[in-house]
Amino acid sequence: MSAFVEVVFDNTDNRFPTGKEETVVRRTIGLKKDDYSLDRKSSTKSEISSLLESAGFSRSNPYYIVPQGRVTSLTHAKDSERLALLKEVAGTRVYESRRENSLKIIEDTERMRVKISDDLAMIEERLNELDLEKDELDKYRTLDRERRCMEYAIYSLEQEDVVEQLDEIDIRREQLVVAVNERQEATGELERQITSLEPEIRAAKQALEILSIDREQLANEAEELARSRAHIESSIQDLEQDRTLGRDSITELRRTADTLSRDIRKRETELSRVTAKYEKAFARETQLREQFEVSDQQRKSLLQKQGRSGHFSSKKERDTWLNAEITRLTTSAEHQTMQFEATEHEHNELQTRLASISQSVLDAKAQADAMVEQMSEMQAREVQLKEEKDAKTSMRKELWRKEARMEAENSDLRDELKRAERVLSGTIDRATSDGLEALSEIQERLGLEGVYGPLFELFEVEETYRTCVEAIAGPSLFHVVVDTDATATKVLDELNRMKQGRLTFMPLNRLRAVSASYPEASDAIPMIERLQFDRRFLRAFQQVFGKTIICPSLEVGSNYARTMNLTAVTLEGDKIDRRGELMGGFVGRKGSRLDAAKTLIQTRARVQTAELEAKETQASLAALDQEITALHSELQMLSARA
């Protein structure tokens, strides 16, 4: 939303210096703008005001538009008021104000002129003084020239003396350099001896600790053996008692078997007697029954012959006698039957008891034999279990000793690893050290196969070239080589999330092969040819060592660096690049990054191997503990069964 006001002036009299017959002034007002334009061209408010003043439209002259009542007030105004009004309309007031300003400027200019005149007078006075000083300076130069000639003669004599003293000092310095080199070599030899003795010292400490642990274990074993001996002696006594008791039990079982045999024989004899008596009774019964039947038949026959009436006096008497006879014969038959049944029942009981006693005797004999055999087997099994337990206990003790030795060795290795990490951390910044420490954890957690590790882990170099290689590589030794930039991004994101360290990556897919031409001379050896590395990482090594040659001196290297656009380095680590920059100085072996890095790698490998062996030993110990516990349980079960 915007609005504008536009005024069109007739400029035929050229009151506006625009060179046009019409002059258009417009003001546009919007929500966020307030613009002016002159003849359809953007302009500023001050330019519009200046243009209007030049045409006679002044802010101080508001009488171009006459309000109502103004003419009446002018006719009734006083002469002084009309004069002031005329001056105001004619612009005289503006003239007077500008005139006052001009007078002030003139006064200021006059004061400046007077001041400049004073300055000129002072400058002329100073010039006169300088002329005098110039004459004095000429005299001073003449005298100074003579003084310098005399000083030159004196300095020349002193220089000759100093040169002689410098020659003597150089000779002494060379002697001191030789002595220092010898002492440095001796110091290096002592450091190497100390370094070589440190493993022996650590090994001796480990051996001492292991011997102390062995002594404690042997003392414990002696106590345990003493307790075992007492227990074995007690067990022997118990076994003797058990054997005696076993013999007594066998004797008792045999005595019981003999008693049972005698009882069986007695019962068999009694059974034979009872059987004979039964057979006799049975035969007697059969005979009596036959006699009874014969008598009864005879009686019936006689009764039939004699007649009933002739034998008895009355029928009642006859019936009474017959009933009595029947009762007697029935009772006799029942008695014989009961006696037969009792005899038969006793015979069956004796047969059953005989079979039971025979089976008991056989069972007792079989049980006694089985118990003897079982006791023999249990004793043999117990001896076997004790032998196995003793063998496995010995193996466990040996593993305990091995575990103690390995624990002491692992403790020393961890201390050595911490020392190696401190030495390496002292050669690099803290952020890079933290990043390298977190790299392996990130790689294992994310399962990244494209992380190959820091550059120093990927190559080998001879001892002769280590100093110059380290001088060229510098911090690039700790740059991490990865397969692609995507892998590097993942590791960087994880580092940022963990807020742990910073790393520089070398993605092989982003590195360009560096082509360099080397001089064909015996005093210029390409450094990359002295490195042993996997050809997969060629681009990474070309990036760092591709434009470097090894020269015997900086003089030779400077020529190759300048003519072939290479970086030259000496075996001592002094280098010169293609721009002519020199870098070098003394390099101590004690602060070598490569040595510290290689020592750290070797120590880490030893620690990992030792930890793996410790885990295997612990697993073997756990398995042996289970086996010994199982054997002990089986021995307790055998003891309980015995």
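Let me sum up the structure you'll find in this document. All figures in this text were calculated on a predicted structure; none of them were measured in a lab.

## So, the overall build of the protein
Turning to step 1, where the next piece is worked out: Along the backbone of the protein there are 12 helices and 14 strands.
Turning to step 2, where the next piece is worked out: Relative to its 642 residues, the protein shows a buried fraction of 24%.
Turning to step 3, where the next piece is worked out: Within the protein, counting contacts between residues at least 6 apart in sequence, those at least 24 apart form 66% of the total.
Turning to step 4, where the next piece is worked out: By element, 53% of the accessible surface of the protein is carried by carbon and sulfur atoms, the whole surface being about 45900 Å².

## Structural notes on the pattern of salt bridges
Turning to step 1, where the next piece is worked out: Per the stated rule, a full pass over the model turns up 17 salt bridges.
Turning to step 2, where the next piece is worked out: Among the salt bridges present, the one from Glu6 reaches Arg40, with a minimum N-O distance of 3.2 Å. Remark: Arg40 occurs in the loop between strand 3 (34–38) and strand 4 (41–43) and Glu6 occurs in strand 1 (residues 2–10); sequence separation between them is 34 residues.
Turning to step 3, where the next piece is worked out: Between Arg536 and Asp534 there is a salt bridge, and its shortest N-O distance comes to 3.0 Å.
Turning to step 4, where the next piece is worked out: Taking relative accessible area as the criterion, Asp534 reaches 35% and is therefore assigned partly exposed.
Turning to step 5, where the next piece is worked out: Within this structure, Asp144, Arg147, Arg148 and Glu151 form a network of salt bridges that share partners.

## Comments concerning the sheet that holds strand 4
Turning to step 1, where the next piece is worked out: With antiparallel pairing, the 4 strands of this open sheet are ordered in space as 1-2-3-4. Every interior strand has two partners, whereas the edge strands, strand 1 and strand 4, have only one. Across the sheet, the mean angle from the axis of one strand to that of its neighbour is 25 degrees, orientation sign disregarded.
Turning to step 2, where the next piece is worked out: Across 9 bridges, the pairing between strand 1 and strand 2 (residues 22–30) is antiparallel. Its bridge partner being in strand 2, Ser2 is matched across the sheet by Gly30.
Turning to step 3, where the next piece is worked out: Sitting on the sheet, helix 1 (residues 45–54) touches strand 1, strand 2, strand 3 and strand 4, and the angle it makes with strand 3 is about 45 degrees.

## What about the packing of aromatic side chains?
Centre-to-centre distance and the angle between the planes together describe a pair of aromatic rings.
Turning to step 1, where the next piece is worked out: Applying the stated criterion to the full structure yields 7 aromatic pairs.
Turning to step 2, where the next piece is worked out: With 5.4 Å between their ring centres and 65 degrees between their planes, Phe456 and Phe478 make a pair best called edge-to-face. A residue pair is termed long-range when its members are at least 10 positions apart, and Phe456 in the loop between strand 5 (451–454) and strand 6 (459–461) and Phe478 in the loop between helix 8 (466–473) and strand 7 (480–482) qualify at 22 residues.
Turning to step 3, where the next piece is worked out: Taken together, Phe459, Phe533, Phe541 and Phe545 form an aromatic cluster joined through their ring pairs.
Turning to step 4, where the next piece is worked out: Between Arg26 and the ring centre of Phe4, over which it is positioned, the NZ or CZ distance is 4.0 Å.

## Examining the side chain of Thr617
Turning to step 1, where the next piece is worked out: Note that Thr617 resides in helix 12 (residues 593–641).
Turning to step 2, where the next piece is worked out: Residue classification places Thr617 among the buried positions, given a relative accessible area of 3%.
Turning to step 3, where the next piece is worked out: Excluding residues within four positions of it along the chain, Thr617 makes contact with Leu399, Lys402, Glu403 and Met406.

## Thoughts on helix 10 (residues 538–545)
An α-helical segment advances 3.6 residues per turn. Residues three or four places apart therefore align on the same side.
Turning to step 1, where the next piece is worked out: Taken as a whole, helix 10 has its buried residues at Ala540, Phe541, Gln542, Val544 and Phe545.
Turning to step 2, where the next piece is worked out: Check the buried side of helix 10 and you find it contacts strand 6, helix 8, strand 7, strand 8 (505–507), strand 10 (531–533) and strand 11 (548–550).

## Regarding a nonpolar patch on the surface
Turning to step 1, where the next piece is worked out: A contiguous nonpolar patch, built from Met112, Ile116, Leu120, Ile123, Leu127 and Leu130 and spanning about 550 Å² of accessible area, is present on the exposed surface.
Turning to step 2, where the next piece is worked out: Here Ile123 is to be found in helix 4 (residues 92–306).
Turning to step 3, where the next piece is worked out: Overall, Ile123 belongs to the partly exposed group, its relative accessible area being 45%.

## A short note on the side chain of His479
Turning to step 1, where the next piece is worked out: Positionally, His479 belongs in the loop between helix 8 and strand 7.
Turning to step 2, where the next piece is worked out: A relative accessible area of 19% means that His479 is categorised as buried.
Turning to step 3, where the next piece is worked out: Once residues lying within four places of it in the same chain are set aside, the contact partners of His479 are Gly453, Pro454, Leu455, Thr504 and Met506.

## As for the nonpolar core
Turning to step 1, where the next piece is worked out: Grouped together as the largest cluster of nonpolar side chains are 51 residues, with contacts concentrated most on Phe459, Val469, Phe541 and Phe545.
Turning to step 2, where the next piece is worked out: In terms of residues, this core owes the most to one element, helix 12, which gives 6 residues.
Turning to step 3, where the next piece is worked out: Non-local contacts of Phe545, meaning those with residues more than four positions away in its chain, are made with Leu455, Val469, Ile472, Ala473, Met527, Ile528 and Leu531.
Turning to step 4, where the next piece is worked out: Ala524, Cys551, Tyr560 and Ile576 belong to the second largest nonpolar core, which has 8 residues in total.

## Quick look at a negative patch on the surface
Turning to step 1, where the next piece is worked out: A cluster of acidic residues, Glu158, Glu160, Asp161, Glu164, Asp167, Glu168, Asp170 and Glu174, forms a negative patch at the surface.
Turning to step 2, where the next piece is worked out: Of note, Asp161 is situated in helix 4.

## So, unusual backbone geometry
Turning to step 1, where the next piece is worked out: One non-glycine residue with positive phi stands out, namely Asp39, at about 55 degrees.
Turning to step 2, where the next piece is worked out: Position of Asp39 among the secondary structure elements: in the loop between strand 3 and strand 4.
Turning to step 3, where the next piece is worked out: Even without a glycine there, the phi angle at Asn565 is positive, about 60 degrees.
Turning to step 4, where the next piece is worked out: Along the chain, the position of Asn565 falls in the loop between helix 11 (554–564) and strand 12 (567–569).

## What about helix 9 (residues 485–498)?
Turning to step 1, where the next piece is worked out: Here helix 9 spans 20 Å end to end across 14 residues, near enough to the 20 Å set by a 1.5 Å rise per residue.
Turning to step 2, where the next piece is worked out: Buried within helix 9 we find Thr487, Ala488, Val491, Glu494 and Leu495. Viewed end-on, helix 9 has its buried residues packed into an arc of 130 degrees, placing them on one side of the element. Of the residues in helix 9, the exposed ones pointing more than 90 degrees away from the buried face are Asn496 and Arg497.

## Some details on the packing of helix 7 (residues 430–446) against helix 9
Turning to step 1, where the next piece is worked out: The interhelical angle for the contact between helix 7 and helix 9, taken along N-to-C directions, is 115 degrees, at an axis separation of 10 Å. As the angle between them shows, helix 7 and helix 9 are arranged roughly perpendicular. The handedness of the crossing between helix 7 and helix 9 is right-handed. Within the contact between the two elements, helix 7 uses Gly435, Ala438, Leu439, Glu441, Ile442, Arg445 and Leu446 and helix 9 uses Lys490, Val491, Glu494, Leu495, Arg497 and Met498.
Turning to step 2, where the next piece is worked out: The class makeup of the residues in the contact of helix 7 with helix 9 is 7 nonpolar, 1 polar and 5 charged.

## With respect to the sheet that holds strand 13 (residues 575–576)
Turning to step 1, where the next piece is worked out: Taken together, 5 strands build an open sheet; the order of strands is 9-11-12-13-14 and the sheet is mixed. Strands at the two margins of the open sheet, each flanked by one partner only, are strand 9 (525–526) and strand 14 (582–583).
Turning to step 2, where the next piece is worked out: Summarising the sheet, strand 9 and strand 11 pair through 2 bridges and their orientation is antiparallel. Within strand 11, the position partnered with Pro526 by the bridge is Ile549.

About the cut-offs
- Residues numbered from 1 in each chain as written.
- Predicted model: local features only at pLDDT ≥ 70, side-chain atom pairs only at ≥ 80, totals over all residues.
- Heavy atoms only, no water.
- Helix = DSSP H or I, 4+ residues; strand = E, 2+ residues; numbered from the N terminus.
- Buried < 20%, exposed > 50% of the residue type's maximum accessible area, 1.4 Å probe, protein only.
- Contact = heavy atoms within 4.5 Å.
- Areas by Shrake-Rupley, 256 points an atom, 1.4 Å probe, with all protein chains shown as cover.
- Salt bridge = Lys/Arg side-chain N within 4 Å of Asp/Glu carboxyl O.
- Pairing = 2+ DSSP bridges.
- Axes fitted to C-alpha atoms, helices over the stretch in contact; angles between N-to-C directions.
- Phe/Tyr/Trp six-rings, centres within 6.5 Å; stacked < 30°, edge-to-face > 60°.
- Lys NZ or Arg CZ within 6 Å of the ring centre and 35° of its normal.
- Patch = residues over 30% accessible without salt bridge, like charges linked within 9 Å, V, L, I, M, F, W, Y side chains within 5 Å.
- Core = buried A, V, L, I, M, F, W, Y, C linked by side-chain atoms within 4.5 Å.
- Lys, Arg positive; Asp, Glu negative; His and termini not counted.
- Charge placed at Lys NZ, Arg CZ, Asp CG, Glu CD.
- Expected span 1.5 Å × (residues − 1).
- Arc of directions from axis to C-beta.
- Parallel < 35°, antiparallel > 145°, perpendicular 65-115°, else oblique.
- Left-handed = near helix turned anticlockwise from the far one by under 90°.
- Nonpolar A, V, L, I, M, F, W, Y, C, P; charged D, E, K, R; others polar.

No statement about biological role is implied by the geometric values presented.
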